[in-house]
Amino acid sequence: MQYVTLNNGVKMPILGFGVYQMTDLQECERSVRDALEIGYRSIDTAAAYHNEEAVGKAIKESGIPREELFITTKLWLQDAGYEKAKKAFETSLRKLGLDYLDLYLIHQPFNDVYGSWRAMEELYKEGKIRAIGVSNFRADRLMDFMLYNEVKPVINQIETHPFFQQIENNKFLRDNNVQHESWAPFGQGKLNVFDNKLLIDIAKKHNKTVAQIVLRWLIQRDIVVIPKSVHKERIAENFNVFDFELSNQDMEAIKTLDTNASGFLNHTDPEVVKWFSELT
Ligand code: NAD
């Protein structure tokens, strides 16, 4: 496994396993069990995914020493604010069956993120969380956050895939020593990534699949990636990306696919912000 070193010195696997939309808890538990058996050590969940207990069960059953694992969960925006964040953290920890977290993220850049961060900073200093970060923050919000908080976020987890490559954001994060983490590397399977001719051609050339090309492309950009699948053979396929390399020519060709636009949601649209406020 390849690791990145976060700005507080903590090492994180560059490839992990995401469990968004795994609402069937038995399926979630089995998928995480499969992922751990295949060799994944980093798992990305969230309070809002409503599957932390299933993730926790799979972790416990695996018998893998705690220090070998890297577990991320996220604070939902309805739990924002100092007091609520402290409570939400304890709830997540209990559901996961853990006594510390490796990474805790503010899931959305809305509501009282400053109050949440105060709580997260305290938990970090108490050693209950090894690293704290954010998700879905635009560069301007992140700059504001870095300027007016004591502890700097280690990571920003943002939508990043071949059609939304986040080239400017990647430079901004790099320049500010905040790790870029991709969500939806495959566009959640909804944006026809797997039918893209250019990606299919590159995959054929390397005797790999389109999924493997996309993950390798992100890894070669030093972006942490957490693909999701509930199928054991795909979970294994997505893990098998360290035995080949994309050429500069491949990397440049993939650049041409960028539309520089979200395939899902515009976090700057006031109606989207309102919609989020109604989610639990
Ligand atoms: P993804 O891009 O990882 O796509 C998953 C889908 O791709 C699968 O459901 C399947 O349809 C397809 N797929 C996976 N492997 C495949 C393979 N080898 N061959 C063919 N098809 C394959 O989407 P995602 O789950 O949304 O993103 C990954 C993770 O990122 C999530 O599980 C979650 O942990 C995280 N995430 C975070 C946020 C956030 O707001 N912070 C938002 C979305 C996702």
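Residues numbered from 1 in each chain as written. Predicted model: local features only at pLDDT ≥ 70, side-chain atom pairs only at ≥ 80, totals over all residues. Heavy atoms only, no water.

Chemist: Before we move on, can you summarise the pairing of strand β5 (residues 70–75) with the specific residues and values?
Modeler: Taking burial as the measure, the six residues of β5 include six buried ones, the bulk of the element. Direction of pairing for strand β4 (residues 42–44) relative to β5: parallel, over a ladder of three bridges. Within the sheet, the bridge partner assigned to I43 lies in β5 and is I71. You can see the chain leave β4, run along helix α2 (residues 52–62) and come back into β5, and the turn it takes is right-handed. Looking at chain direction, β5 and strand β6 (residues 101–106) are connected through four bridges and run parallel. Considered in β6, the bridge of K74 is made with L105. Handedness of the β5-helix α3 (residues 82–96)-β6 crossover: right-handed. (Buried < 20%, exposed > 50% of the residue type's maximum accessible area, 1.4 Å probe, protein only. Helix = DSSP H or I, 4+ residues; strand = E, 2+ residues; numbered from the N terminus. Pairing = 2+ DSSP bridges. Right-handed = clockwise from strand over helix to strand, strands pointing away.)

Chemist: Describe the pairing of β6, with residues and values.
Modeler: Along any regular strand the residues' side chains alternate between the sheet's two faces. Within β6, six of the six residues are buried, which leaves it mostly tucked inside the rest of the structure. When β6 meets strand β7 (residues 129–135), the two strands line up parallel, connected through five bridges. The partner of L103 across the bridge, within β7, is A131. Since β6 and β7 lie parallel, the crossover through helix α4 (residues 113–125) that links them has a hand, and here it is right-handed.

Chemist: So what's going on with the packing of helix α7 (residues 197–206) against helix α10 (residues 248–255)? Which residues, and what values?
Modeler: Following both chains from N to C, one finds α7 and α10 inclined at 165°, their axes separated by 10 Å at the closest point. Overall, the two elements α7 and α10 adopt an arrangement that is roughly antiparallel. For the pair α7 and α10, the crossing hand works out as left-handed. Contacts from L198, L199, I202, K205 and H206 in α7 reach D250, A253 and I254 in α10. (Axes fitted to C-alpha atoms, helices over the stretch in contact; angles between N-to-C directions. Parallel < 35°, antiparallel > 145°, perpendicular 65-115°, else oblique. Left-handed = near helix turned anticlockwise from the far one by under 90°. Contact = heavy atoms within 4.5 Å.)

Chemist: Describe the layout of surface pockets, naming the residues involved and giving the relevant values.
Modeler: Over the atoms, a rolling probe the size of a water molecule traces out where space has been left empty. Within this model, the largest pocket holds a volume of roughly 980 Å³. Lining the largest pocket are 41 residues; nearest its centre among them are Y20, Q21, A184, Q188 and K228. At the level of elements, α9 (232–239) and α11 (270–277) are the ones that each hand at least two residues to the lining of the largest pocket. Here the residues of the lining of the largest pocket sort into 20 nonpolar, 16 polar and five charged. A volume near 480 Å³ is recorded for the second largest pocket. In terms of residue count, helix α6 (residues 167–175) provides more of the lining of the second largest pocket than any other element does, three residues in total. (1 Å grid on protein atoms, 1.4 Å probe; cavity = no way out; pocket = protein on both sides within 12 Å on 5 of 7 lines; lining within 4 Å. Points joined across faces, edges and corners; volume = space filled by probe spheres on them. Nonpolar A, V, L, I, M, F, W, Y, C, P; charged D, E, K, R; others polar.)

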